[in-house]
Amino acid sequence: MKSIIAALLLIFLSTYSFAQNPASGPWRGEIDHLGGKLPFNFIVAKNKLDIRLQNGSEIATLGDSYFRGDSLVIPFDLYDSEIVGSLKNEKSIIGFWQKKRNGKTLYRIPFQAQAGSSERFLQTQQASVQVSGKYSADFWSDESNHSSGVFLLNQKGNQVTGTVLKTSGDYRFLQGNISGDSLLLSYFDGSGLMQFRCKVNGKEIDGQFYSGLAGKRNFKAIKDDKASLPDLKKLTYLKPGFDRLTFSLPNPAGKTISLQDERYKNKVVIIELMGSWCPNCLDESRFLAPYYKKMKDKGVEVIGLAFEYSPELSISGPKIENFKKRIGVDYEILFAGQPNDETIAQVLPMLHKINGYPTTFILDKSGKVREIHTGFSGPGTGVYYTDWIHEFEQTVQNLLNEK
């Protein structure tokens, strides 16, 4: 009997990981990137494996960290990616960030991290410029491919936070530094990579914007207190002759849900075109989830139409369910297919086209589409976010008051 117990104990010990936990407190990491080392920050909670990324004022993660053998894994399960690293000691990690799609690795990028620092960019000089304010921004790779936006910056000393407003959504929580007359910004949330490396000359900012695995665009911003986006309620519209939506789609469990179901009759209905992979959709859903709980007994319904990378419900369904669980969504999110023009045209043939994720429809109690809003300005945009909430809530309330 003792020999059996000893053998079982040996098997257990051979598979059990004795890997040490990373030191608690602030950490600073760097990801190898086209624009140079891309810095990011994270925080390890004391006495437990609770690891959260920090970008500006946002401290968040989308998965529970764990050890796989002797490797530390920080998962971002909504974005189908993870950081995997080996601890050289409790204050040093070396490994990679890998992005997946439908279970297959798209790419791996090396990274390293050290405990004890909450700095973003290192070896910076004292700031010789002040960049706080609003700017008209232009991104381009060549003269035939320009894309405009609104650049928002807030500087304290040589510390800078900000974001970019685009018609498809915002760039969330950018963070970085002013070093002399250089502006350095980065962003990493497990979904994507962003990095600005620019020079400041008076009211102009010139440089490069690096994104994703190999994206590089020229960038120029000119200070402009009146900078603004085009009307986001006019970018997406229905084809002539249509004033309402119709669809019948499966929820993650396979049950077909229709906008014409009894549940949605005589209700003000918000429809969100989104994807579980989309950070701006995550921001909007984080608002809609508690809003729905507050308003569902007052005649408001919400439906999410999720466009996912896999065409298989068996793969995309669990991703949608996980998205709902992570955020606390009580309303239906339906599987609409893949995020491409062909699929959208099949699901919503009355729609002229979609210009970005998320796109939000507000329907009155008769089912008529009364408003379509492209993109979403999330909490990283400050007053733009609070203004959107105020306007959205007022629009819904006005529709509820209609007889």
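Heads up: these notes are all about the structure in this document. (Residues numbered from 1 in each chain as written. Predicted model: local features only at pLDDT ≥ 70, side-chain atom pairs only at ≥ 80, totals over all residues. Heavy atoms only, no water.)

## A closer look at the overall build of the protein
- From N to C terminus, the protein includes five helices and 25 strands.
- For the protein, the residues scored as buried account for 49% of the 403 residues in total.
- Long-range pairs, those at least 24 residues apart, make up 58% of the contacts in the protein between residues at least 6 apart in sequence.
- Entry remark: accessible area of the protein is about 19000 Å², with carbon and sulfur atoms responsible for 51%.
- Across the protein, the mean location of the 49 positive side-chain charges is 3 Å away from that of the 43 negative side-chain charges. (Helix = DSSP H or I, 4+ residues; strand = E, 2+ residues; numbered from the N terminus. Buried < 20%, exposed > 50% of the residue type's maximum accessible area, 1.4 Å probe, protein only. Contact = heavy atoms within 4.5 Å. Areas by Shrake-Rupley, 256 points an atom, 1.4 Å probe, with all protein chains shown as cover. Lys, Arg positive; Asp, Glu negative; His and termini not counted. Charge placed at Lys NZ, Arg CZ, Asp CG, Glu CD.)

## Digging into the sheet that holds strand β24 (residues 359-363)
- Spatially, the five strands line up as an open sheet ordered β23-β22-β21-β24-β25, and their pairing is mixed. Sheet topology places β23 (332-337) and β25 (369-374) at the edges, where each strand pairs with a single neighbour. On average, each strand axis in the sheet is inclined to that of its neighbour by 20°, with strand direction left out of account.
- Sheet topology places strand β22 (residues 300-307) next to β23; five bridges connect them, and they run parallel. (Pairing = 2+ DSSP bridges. Axes fitted to C-alpha atoms, helices over the stretch in contact; angles between N-to-C directions.)

## Let's talk about helix α2 (residues 279-295)
- Helix length check: α2, at 17 residues, gives a terminal C-alpha distance of 24 Å against a target of 24 Å (1.5 Å per residue), a fit within 8%.
- Of all 17 residues in α2, 13 are buried, a share of seventy percent or more. (Expected span 1.5 Å × (residues − 1).)

## Structural notes on the side chain of N55
- As for its position among the elements, N55 is in strand β3 (residues 51-55).
- Owing to a relative accessible area of 2%, N55 belongs among the buried residues under this scheme.
- With sequence-adjacent residues up to four places away left out, N55 is seen in contact with R120, F173, Q175, Y187, F188 and D189.

## Considering the sheet that holds strand β5 (residues 66-68)
- Pairing is antiparallel across the open sheet formed by nine strands, whose spatial order is β4-β3-β2-β1-β9-β8-β7-β6-β5. Only two strands of the sheet have a single neighbouring strand rather than two, namely β4 (58-60) and β5. If you compare each strand with its neighbour and ignore which way they point, the axes differ by 35° on average.
- Bridge analysis of strand β1 (residues 25-31) against strand β2 (residues 38-44) gives seven bridges, and the strand direction is antiparallel. Bridging across to β2, I31 finds its partner in L38.

## A word on the nonpolar core
- Counting 82 residues, the largest nonpolar core has F188, I271, L305 and F361 as the members making the most contacts within it.
- Element by element, the count of residues in this core is highest for α2, at eight residues.
- When near neighbours in sequence (up to four residues on either side) are disregarded, F188 contacts I31, L38, F40, L53, N55, F76, I83, W97 and L193.
- With 24 residues, the next largest nonpolar core counts Y135, Y171, F173 and L185 among its residues. (Core = buried A, V, L, I, M, F, W, Y, C linked by side-chain atoms within 4.5 Å.)

## Overview of the packing of α2 against helix α5 (residues 383-401)
- Contact geometry for α2 and α5: axes closest at 13 Å, N-to-C directions at 35°. The handedness of the crossing between α2 and α5 comes out as right-handed. Each of E284, F287, L288, Y291, K294 and M295 in α2 lies in contact with α5, whose residues at this interface are Y385, W388, I389, F392, E393, V396, Q397 and L400. (Left-handed = near helix turned anticlockwise from the far one by under 90°.)

## Digging into α5
- Its 19 residues place the ends of α5 27 Å apart at the C-alpha level, agreeing with the 27 Å of an ideal helix rising 1.5 Å per residue.
- Among all positions in α5, only Y385, W388, I389, F392, T395, V396, L399 and L400 are buried. End-on, the buried residues of α5 take up no more than an arc of 135°, which puts them together on one face.
- Packed against the buried residues of α5 are β21 (268-274), α2, β22, β24 and β25. (Arc of directions from axis to C-beta.)

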